[in-house]
Structure formats: C-alpha cells, structure tokens
Amino acid sequence: MGMAKHVDFEKCARDRGRNGSGRSARGYEIKVARSMGDMMKVVAIRSAVFMSEQSCPYREEFDGNDFCATHLIGYVDGEPAACLRGRFFASFAKLERLAVRHEFRNTRLSFDIVWAGIELARKKGYTTIYGHAQDRLVKFWSRFGAKPMGGNRKLVFSDYSYTEMLLEVDPHPEPLTLDSDPYQLIRPEGDWDAPGVLEGSVARPVTSPMRGNEAA
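## Regarding the overall build of the chain
So, point 1. A count of helical and extended segments in the chain gives 6 helices and 8 strands.
So, point 2. A sequence separation of at least 24 residues applies to 66% of the contacts in the chain between residues at least 6 apart.
So, point 3. For the chain, the exposed surface amounts to about 12,600 Å²; the carbon and sulfur share of it is 53%.

## Quick notes on the pairing of strand β8 (residues 160-168)
So, point 1. Looking at chain direction, strand β5 (residues 128-134) and β8 are connected through 7 bridges and run antiparallel. Looking at β8, one finds that Y130 is bridged to L166.
So, point 2. As defined by bridge partners, strand β6 (residues 147-148) adjoins β8 across 2 bridges and the pair is classed as antiparallel. Looking at the pairing, K147 lines up with L166 of β8.
So, point 3. Bridge count between strand β7 (residues 155-157) and β8: 3 bridges; the pairing is antiparallel. Considered in β8, the bridge of F157 is made with Y160.
So, point 4. Taking the residues between adjacent antiparallel strands as the criterion, β7 and β8 are bridged by 2 residues, where S158 takes a positive phi near 50°.

## What about a nonpolar patch on the surface?
So, point 1. Judged by side-chain polarity, Y183, I186, V197, L198 and V202 come together as a nonpolar surface patch covering roughly 490 Å² of accessible area.
So, point 2. Residue position: L198 is located in helix α6 (residues 197-200).

## Details of the confidence of the model for the chain
So, point 1. When pLDDT is averaged across the chain, the result is 88; 87% of the residues are at 70 or more.
So, point 2. In this model, residues 1-6 is a region of pLDDT below 50 whose contacts with residues beyond four sequence positions or in other chains number 20 contacts.

## Looking at the nonpolar core
So, point 1. Ranked by internal contacts, the top residues of the largest apolar core, which has 34 residues, are L72, I118, I129, W141 and F144.
So, point 2. Among the elements of the structure, β1 (28-32), β2 (70-76), β3 (79-88), β4 (93-100), α4 (109-123), β5, α5 (138-142) and β8 are those that each provide at least two residues to this core.
So, point 3. With 9 residues, the single largest contributor to this core is α4.
So, point 4. Beyond its immediate sequence surroundings of up to four residues, F144 is in contact with F111, V114, W115, I118 and L167.
So, point 5. Counting 11 residues, the second largest nonpolar core, distinct from the first, contains A33, M39, V42 and C56.

## Here's the deal with the environment of T127
So, point 1. Tracing the chain through its elements places T127 in the loop between α4 and β5.
So, point 2. On the basis of relative accessibility, which here comes to 29%, the residue T127 falls in the partly exposed class.
So, point 3. In sequence terms T127 and D170 are 43 residues apart; their C-alpha atoms lie 6.1 Å from each other.
So, point 4. Residues contacting T127, with those up to four places away along its chain left out, are L167, E168, V169, D170 and P171.

## Here we look at unusual backbone geometry
So, point 1. The phi dihedral of R97 is positive, around 55°, even though this residue is not glycine.
So, point 2. For R97, a relative accessible area of 17% gives the class buried.
So, point 3. If you check the backbone angles, D159 has positive phi at about 75° while not being a glycine.
So, point 4. As for its position among the elements, D159 is in the loop between β7 and β8.

Rules of the game
- Residues numbered from 1 in each chain as written.
- Predicted model: local features only at pLDDT ≥ 70, side-chain atom pairs only at ≥ 80, totals over all residues.
- Heavy atoms only, no water.
- Helix = DSSP H or I, 4+ residues; strand = E, 2+ residues; numbered from the N terminus.
- Contact = heavy atoms within 4.5 Å.
- Areas by Shrake-Rupley, 256 points an atom, 1.4 Å probe, with all protein chains shown as cover.
- Pairing = 2+ DSSP bridges.
- Patch = residues over 30% accessible without salt bridge, like charges linked within 9 Å, V, L, I, M, F, W, Y side chains within 5 Å.
- Salt bridge = Lys/Arg side-chain N within 4 Å of Asp/Glu carboxyl O.
- pLDDT = per-residue confidence, 0-100.
- Core = buried A, V, L, I, M, F, W, Y, C linked by side-chain atoms within 4.5 Å.
- Buried < 20%, exposed > 50% of the residue type's maximum accessible area, 1.4 Å probe, protein only.

See the structure below:
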C-alpha cells in the first residue's frame, strides 16, 4: 500500500463545504491533543460548557475515559474554542463530549470539528460511528447523516435524556492497516504523512545498547 496522507482537518472541513457562506474557515485550526498542556485546554473547555453551563458534577464529566481516548481541539485565531472526544472499539468508533465555548457558537467550528472526528475515525478504518445526542441536539447530529437507533433503550445521565445515534460512512480510500508502512504506524496520531521523531533515530547506527543485559 502506498503512503497514506495525514488527516488534514481544516481541508476536510473546507472540502465538505460546511462553512456556511462558502468561505474557507480562515483562522480555524483543529488539532489532536498530544500533551498535558493540550489536555488542560480540553478540561478548561469542558468545564466551562458542561460543569458551568449544564451543572454537570465534576466526577460525572471527567468519567475516567479521558486517558484512553483521542481528543480533538478546535481553535479560532489561536484560542482554544471547542473539543471532541473519540473512543475506539472493535467494530465501531464513538464520538462524544462535543463542547463549544459559548463565545464561538456563532461559528461553524462545531460542524468542522465533528467532520474532523468522522474523518479521523475513517482513517483508522472505521465505517460505523456511534454516539449519544442530547434529545434537543438530535437534529444537529442528523446533519452528518447520523440516525436514531430506535428501540426502547432509555438513556439518561447527568440529568439529561439522550438518544442513541448511528452513522454509517464510506470506507476511507487509504485507511491505516497492517499493510501500512510500519514507520507510519508509530507516527503521532492524525499526522501520519510527516516523518516522526523515531524515524530521525534511524540515522544513528544500530548498537543495541542493552544487548546482553537482562530486562529490568
């Protein structure tokens, strides 16, 4: 398989024509959280939206799943403005915890960051995306093609009623697989077309400095 490109989040949003007036989302940037500093931004955004505006208790908002997930951060002119969490299971991806600071809800950032999450899941090989939409936001998620799952499963948590949503998407033309370049698979999440730091180490001679030593 040829070298696949990384997930260009901004281009993904522009190409889908989801920025309202047709103008490109200039000043917008969507990145994968890769550091504790990035996670502090995620915590700040979600605290402002869910804890402050929706009165969600701390232990329910920060539910133990944040360090086993991928987080996207949306910026407007460099300011952290939105975030989205993705978790990945055997046969489906789950997008959740979409939060947009109230100062930026008149922008298209909420749409762009969801499209970016969908594209990330597709690149990782997923075609089924699952989510929980607050009942008042079912229409928003339907704009991406998501549909209520139906059935009689009641879903209520943190004082809100939710609807289970399911989105089926086309396979990515160049998903990451076992046939992908092994160096590609150890690059930073979402940045799969740029050489990573470990590839820089290839220039050093192979010395196996721990050869002959027992593992600690």
